[in-house]
Amino acid sequence: MIRRVLIANRGEVAVRIIRACRELGIETVLVYSDADAHSLAVSMADQAIYIGAAPAAESYLRKDKILEAATQTNCDAVHPGFGFLSENAEFASLVREAGLIFIGPDPDAIRTMGIKTKALELARQLGIPTVPNYREDQDRRAIEFPVLLKAAAGGGGKGMRIVREQGELAEALESVKREAQKAFADDRVYMEKYIERARHVEVQIFGDQHGNVIHLFERDCSTQRRYQKIIEESPSPFLMPDLREQLCAAAVKLGQSVQYANAGTVEFIVDETAGRFYFMEMNTRLQVEHPVTELVTGIDLVKLQFHVANDLPLPFTQADITTRGHAIECRIYAEDPANSFLPSIGMILKLVEPQAPGVRVDSGVISGDEISIHYDPMIAKLIVQGQDRREAIRRMEQALAQFVIMGLTTNIHFLGDVLRHPVFSEGRMTTRFIESGFSEWQAATPTPTDVILIAAALGELLRQQTPQQESDTALDRFSAWSQRDSFRVGG
Ligand code: ADP
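In this numbering scheme, every chain counts its residues from 1 along its sequence in written order. Thresholds applied to this predicted model are a pLDDT of at least 70 for local features of residues and 80 or more for the giving and counting of side-chain atom pairs; totals over whole chains, interfaces and linings are not thresholded and use all residues. Where side-chain values are given, they derive from all heavy atoms of the structure, hydrogens and water being excluded.

1. Thoughts on the overall build of the chain
No. 1: For the chain, the helix and strand inventory stands at 16 helices and 23 strands.
No. 2: Radius of gyration: over C-alpha atoms. The globule rule applied is 2.2 Å multiplied by the number of residues raised to the 0.38 power. On C-alpha atoms alone, the chain measures out to a radius of gyration of 23 Å, which is about the 23 Å that the 2.2 N^0.38 rule sets for 491 residues.
No. 3: Overall, the chain is about 70 × 60 × 45 Å in size when its C-alpha atoms are taken along their principal axes.
No. 4: Across the 491 residues of the chain, 56% fall into the buried class.
No. 5: The criterion used for residue contact is that any of the two residues' heavy atoms lie within 4.5 Å. The long-range share in the chain, meaning contacts at least 24 apart out of those at least 6 apart in sequence, stands at 66%.
No. 6: When the accessible surface of the chain is split by element, carbon and sulfur atoms take 49% of a total near 21,200 Å².
No. 7: When charges are counted, Lys and Arg contribute as positive and Asp and Glu as negative, whereas His and the chain ends are disregarded. Working definition for charges: the position is that of NZ of Lys, CZ of Arg, CG of Asp or CD of Glu. Put simply, the chain has 53 plus and 67 minus side-chain charges, and the middle of one group is 2 Å from the middle of the other. To qualify as a helix, a DSSP run of H or I must reach at least 4 residues; to qualify as a strand, a run of E must reach at least 2; elements of each kind are numbered from the N terminus. A 1.4 Å probe rolled over the protein chains alone gives each residue an accessible area, and that area as a share of the maximum for its type sets the label: buried under 20%, exposed over 50%, partly exposed in between. Each accessible area value is a Shrake-Rupley result obtained with a 1.4 Å probe; residue values ignore everything except the protein chains displayed when judging cover.

2. Comments concerning the packing of aromatic side chains
No. 1: Here a pair means two rings of Phe, Tyr or Trp (six-membered ring of Trp) with centres within 6.5 Å. Their orientation is stacked below 30 degrees between planes, edge-to-face above 60, and tilted elsewhere. Here the structure, examined in full by the defined rule, presents eleven aromatic pairs.
No. 2: Judged by centre distance (6.4 Å) and plane angle (85°), the rings of Phe84 and Tyr375 are edge-to-face. Of this pair, Phe84 sits in the loop between strand E4 (77-79) and helix H4 (89-97) while Tyr375 sits in the loop between strand E21 (370-371) and strand E22 (378-386), and the two are 291 residues apart along the sequence.
No. 3: When the centroid spacing of 5.8 Å and the interplanar angle of 80° are considered together, the rings of Phe433 and Phe438 count as edge-to-face. In this structure, Phe433 and Phe438 share a single accessibility class: buried.
No. 4: Here, a charge over a ring is recorded when the distance from Lys NZ or Arg CZ to the ring centre is within 6 Å and its angle to the ring normal is within 35 degrees. Positioned over the ring face of Phe341 is Arg225, at 3.6 Å from the centre of the ring.

3. Some remarks on the sheet that holds strand E1 (residues 4-7)
No. 1: Note on pairing: two strands pair once DSSP finds at least 2 bridges between them. Pairing is parallel in the open sheet, where five strands are placed in the order E3-E2-E1-E4-E5. Here the strands that pair on one side only, and so sit at the sheet edges, are strand E3 (47-52) and strand E5 (101-102).
No. 2: With two bridges connecting them, E4 and E5 associate as parallel partners. Across the sheet, Ala77 pairs through a bridge with Ile101, a residue of E5.

4. Observations regarding the packing of helix H1 (residues 11-24) against helix H10 (residues 301-309)
No. 1: Axes here refer to lines fitted to C-alpha atoms; in helices the fit is confined to the stretch in contact. Angles between the N-to-C directions go from 0 to 180 degrees. Where H1 contacts H10, the two axes come as close as 9 Å, and the packing angle between them is 60°. Viewed along their axes, H1 and H10 adopt a mutual orientation that is oblique. Crossing angle aside, the handedness with which H1 passes H10 is right-handed. Across from Arg16, Ile17, Ala20, Cys21, Glu23 and Leu24 in H1, the residues of H10 making contact are Leu301, Val302, Lys303 and Phe306.
No. 2: Each residue receives one of three labels: charged for Asp, Glu, Lys and Arg, nonpolar for Ala, Val, Leu, Ile, Met, Phe, Trp, Tyr, Cys and Pro, and polar for the others, Gly being one of them. Taken together, the residues of the contact of H1 with H10 sort by class into seven nonpolar, no polar and three charged. Throughout this description, any angle smaller than 35 degrees is read as roughly parallel, any larger than 145 degrees as roughly antiparallel, any in the 65 to 115 degree range as roughly perpendicular, and the remainder as oblique. Should the near helix be turned anticlockwise from the far one by less than a right angle, the crossing is termed left-handed; should it be turned clockwise, right-handed.

5. Digging into the site of the ligand
No. 1: When we say a residue is near a molecule or strand, we mean one of its heavy atoms is within 4 Å of it. Near the ligand lie 20 residues; those nearest to it are Lys150, Gly157, Glu192, His200 and Gln224.
No. 2: What qualifies as a polar contact is a pair of N or O atoms within 3.5 Å, subject to a donor-acceptor requirement within protein and to the restriction that residues adjacent in sequence count only when both atoms come from side chains. Here a nitrogen atom of the ligand and a backbone polar atom of Ile195 are 2.9 Å apart.
No. 3: Glu281 is positioned such that a nitrogen or oxygen atom in its side chain is 2.9 Å from an oxygen atom of the ligand.
No. 4: Starting from 550 Å² of accessible surface for the ligand in isolation, the protein chains cover 95%.
No. 5: At the level of secondary structure, the elements contributing two or more residues to the shell around the ligand comprise strand E7 (147-151), strand E9 (189-193), strand E13 (262-271) and strand E14 (276-283).
No. 6: For the shell around the ligand, the class distribution of residues is eight nonpolar, six polar and six charged.
No. 7: Domain delimitation in this document rests on an assignment produced automatically or drawn from a domain database. Residue contributions to the shell around the ligand reach at least three from each of two domains, namely domain 2 (132-193) and domain 3 (198-437).

6. A look at the domain arrangement of the chain
No. 1: By the assigned domains, the chain splits into domain 1 (4-103), domain 2 (132-193), domain 3 (198-437) and domain 4 (448-482).
No. 2: Inter-centroid distance (C-alpha atoms) of domain 1 to domain 3 is 23 Å.
No. 3: Buried surface area refers to the total accessible area, computed with a probe of radius 1.4 Å, that the two partners give up upon joining, counted for both partners together. Roughly 2,200 Å² is buried in total at the junction of domain 1 and domain 3, and carbon and sulfur atoms are behind 62% of that figure.
No. 4: Summed over the three residues of domain 1 that lose the most area to domain 3, namely Glu12, Arg16 and Phe82, the buried surface amounts to 29% of that side.
No. 5: Any Lys or Arg side-chain nitrogen located within 4 Å of an Asp or Glu carboxyl oxygen qualifies as a salt bridge. For the pair domain 1 and domain 3, the number of links is five salt bridges.
No. 6: The interface formed by domain 1 and domain 3 includes ten residue pairs in polar contact (both at pLDDT 80 or more).
No. 7: The class makeup of the residues in the side of domain 1 that touches domain 3 is 16 nonpolar, eight polar and six charged.

7. Details of the side chain of Thr410
No. 1: Structurally, the position occupied by Thr410 is in the loop between strand E23 (404-406) and helix H12 (412-420).
No. 2: Exposure remark for Thr410: the relative accessible area of 8% places this residue in the buried category.

8. Examining the nonpolar core
No. 1: What is meant by a nonpolar core is a set of buried Ala, Val, Leu, Ile, Met, Phe, Trp, Tyr and Cys residues, joined one to another through side-chain atoms within 4.5 Å. Among the nonpolar cores identified, the biggest contains 62 residues, and Val5, Leu6, Phe206 and Phe306 are the most heavily contacted of them.
No. 2: Top element by residues in this core is H1. It accounts for seven residues.
No. 3: Looking at which domains feed residues into this core, each of domain 1 (4-103) and domain 3 (198-437) gives three or more.
No. 4: What Leu6 contacts, discounting residues up to four positions off in sequence, is Val29, Val31, Ile66, Ala69, Ala70, Cys75, Ala77, Val78 and His79.
No. 5: In this structure, Ile231, Ile393, Phe424 and Phe438 belong to the second largest nonpolar core, which totals 36 residues.

This is the structure we're talking about:
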């Protein structure tokens, strides 16, 4: 039985794991870098071990230092969270070789799924559809445009490019190769048919070490900006029951083929026009957007990770899993939508998280914390649940309006606009929805009373003109005012 776990991560995911451990009575040891010495996660962990300078390469990616910290503190398990080493098969193997439990799947499963082309090949063998693809040396006449070029080692939407006609192909291939070499030190690029009206639908699966693999239904992550998810929800407003059943069955089949144990996500792209789905990739870890699944199924996925890592069988069968209502997650970033979404670095002067029925905030920061250049500028995840999608959207609008973050520019206002856009509210979004006419719509749509911009301006003004104490009182009053019931976005 796991009694003490080392958490090889930071920020909100570290906080999320610590919370689960406290409920389970498991002690936590957290590693941290220079930049995180005073973080919320460090203050919450039972023990914290310093492992190096802020750049991830010198701390959160240092397998040796992390393992040393785990053995020194007599941990019996390592939880990698997401990002950093979470999908690193070598790290998972090293953890096991050190006699510790890796809270994740078998290193072989990570390895197979980690190479996109290998995972696609496996899916094809299992009869799961994959997007038609072309080789670079293919007879150019056989290629059906548009195509999407993807870096084989890519991730996070980097190294992708749409090519609409033959004439652009050669140059685009060269430039994506260069970009891939620079970003991933690997210039292999592959080519897929580009799906014009694509929806991103992924299935949460879970396996144990006794041969059971189940699914916890889907998340729709079609609301993206530059191939990066910004809003996720469950259930998908688009999937009809038969398609949902097919997707979930395909995901479980893929999991079973690699004897998948622990949490995993099977990503599909759904061609809205043809009503067909294709396997895209599998992520062998907990996902950022896992809370929407937790809210609709009522199952704590992080606690379940510990349960199966303890070699216990899943405590339920597929038939036991049902969903209730609708959940939506917004990713709140310190970035400036008016300035090409550049990260907004600096100190959070004041942070007031919304509180209301059906509202959950997963964050790893408090007032006074710095958002640094070293890590992802995500400040928090705001997750709401409603009886249906309509109620969830209204709830999210209210919660966004009450989320006060002063001192930094955030995308809160932008997220509010996305929720109000008819394509989103009607559930018709495809992955390119934000890139196709959204900013023009924003410019042409009257802006509702804007608490966020007022808050930022006020915060800045007070910071510059009043002594600290006075400014704090004024900020507190402003926060209280913005939380009043009568305050409405659009009102
Ligand atoms: P990454 O690993 O960088 O996240 P993915 O392969 O998962 O890259 O793709 C990211 C996003 O790009 C998907 O969510 C989807 O919106 C879009 N995408 C991927 N493949 C296609 C395709 N063939 N046609 C249209 N959109 C695609």
